Amino acid sequence: MRKTEILAWTEEWGKLFKLEEVIIKEVLKDELINIFHIGSTSVPTIGFAKPIIDILIVVKDIDQVDFYTREMVALGYVPKGENGIIGRRYFSKGKENRTHHLHIFQVGNENINIHLQFKQYLINHPLEAKKYGDLKVDLAKRFPNEHYKYQEGKQQFLNEIVSKAKEWAIQKKDCY
């Protein structure tokens with residue numbers, strides 16, 4: 001059973017992303033368009049996060065990613081297919097003590113904008129980011145051994161932020 005662990009934000013997470021970015025770029029070089037550090041570990045003003053580096057990868061052709069599975073497994077990643085999101089390839093690293101999540105989408109997939117707008121919105125709205133961090137801490141204390149309840153507890157807040165982020169990006173004309 002996965003325990004929900006929340007830690008204070010640290011610059012170390014950015015360094016861990018950079019190390020993994022180099023490795024992933026080498027493996028996916030023929031398909032890769034871009035790679036981004038996303039999620040709570042990429043937003044200092046959230047203040048707290050699970051110590052898991054979320055990485056968004058944009059590729060030319062999502063179906064071609066399947067040909068790299070063996071190389072990804074050799075790096076310690078576990079392939080999870082779409083894992084509930086159509087058009088995504090998802091990989092986790094670290095088994096029960098996860099360290100990385102890869103979210104791979106084909107260029108043009110709407111989920112790319114959702115992830116990047118969410119991050120930029122929180123960076124530009126530190127009070128909202130802090131609320132999110134506080135919610136994470138509270139939920140982790142309430143549900144340390146019930147990860148699904150932790151996730152459920154965040155969902156309404158996340159949906160609201162995604163909606164706000166989309167509107168904010170439209171106003172700024174800031175789409176990826």
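Right above here is the structure, for reference.
Residues numbered from 1 in each chain as written. Predicted model: local features only at pLDDT ≥ 70, side-chain atom pairs only at ≥ 80, totals over all residues. Heavy atoms only, no water.

Undergrad: Help me out: how do you make sense of the side chain of Ser 40 in this one?
TA: Secondary-structure assignment places Ser 40 in the loop between strand 2 (32-38) and strand 3 (48-49). Given the relative accessible area of 10%, Ser 40 is considered buried. Beyond its immediate sequence surroundings of up to four residues, Ser 40 is in contact with Trp 9, Ile 46, Phe 48, Ala 49, Tyr 132 and Lys 136. (Helix = DSSP H or I, 4+ residues; strand = E, 2+ residues; numbered from the N terminus. Buried < 20%, exposed > 50% of the residue type's maximum accessible area, 1.4 Å probe, protein only. Contact = heavy atoms within 4.5 Å.)

Undergrad: Looking at this structure, I do not really get helix 3 (residues 110-124). What am I missing?
TA: One turn of an α-helix holds 3.6 residues; hence residues three or four places apart share an orientation. Helix length check: helix 3 (15 residues) gives 21 Å between terminal C-alpha atoms against 21 Å at 1.5 Å per residue, within 8%. Where helix 3 is buried, its residues touch strand 2, strand 4 (53-59), strand 7 (100-106), helix 4 (126-142) and helix 5 (147-172). The backbone nitrogen of Asn 111 lies 2.8 Å from a side-chain oxygen of the residue at the head of helix 3, namely Asn 109. (Expected span 1.5 Å × (residues − 1). Polar contact = N/O pair within 3.5 Å; in protein donor to acceptor, adjacent residues only side chain to side chain.)

Undergrad: Is there a simple way to think about the environment of Ile 35 in this case?
TA: Of note, Ile 35 is situated in strand 2. Residue class for Ile 35 comes out buried when judged on its relative accessible area of 6%. Residues Ile 35 and Gly 108, spaced 73 residues apart in sequence, show a C-alpha to C-alpha distance of 14 Å. Residues contacting Ile 35, with those up to four places away along its chain left out, are Phe 17, Glu 21, Ile 24, Lys 25, Ile 55, Leu 56 and Ile 57.

Undergrad: Where do I start with unusual backbone geometry in this structure?
TA: Backbone geometry follows two general trends: most residues other than glycine have a negative phi, and most peptide bonds adopt the trans configuration. The residue Asn 83 is not glycine, and still its phi comes out positive at about 50 degrees. Checked against the element boundaries, Asn 83 lands in the loop between strand 5 (77-79) and strand 6 (88-93). With relative accessibility at 43%, the residue Asn 83 sits in the partly exposed group. The phi dihedral of Lys 95 falls on the positive side, at around 50 degrees, and the residue is not glycine.

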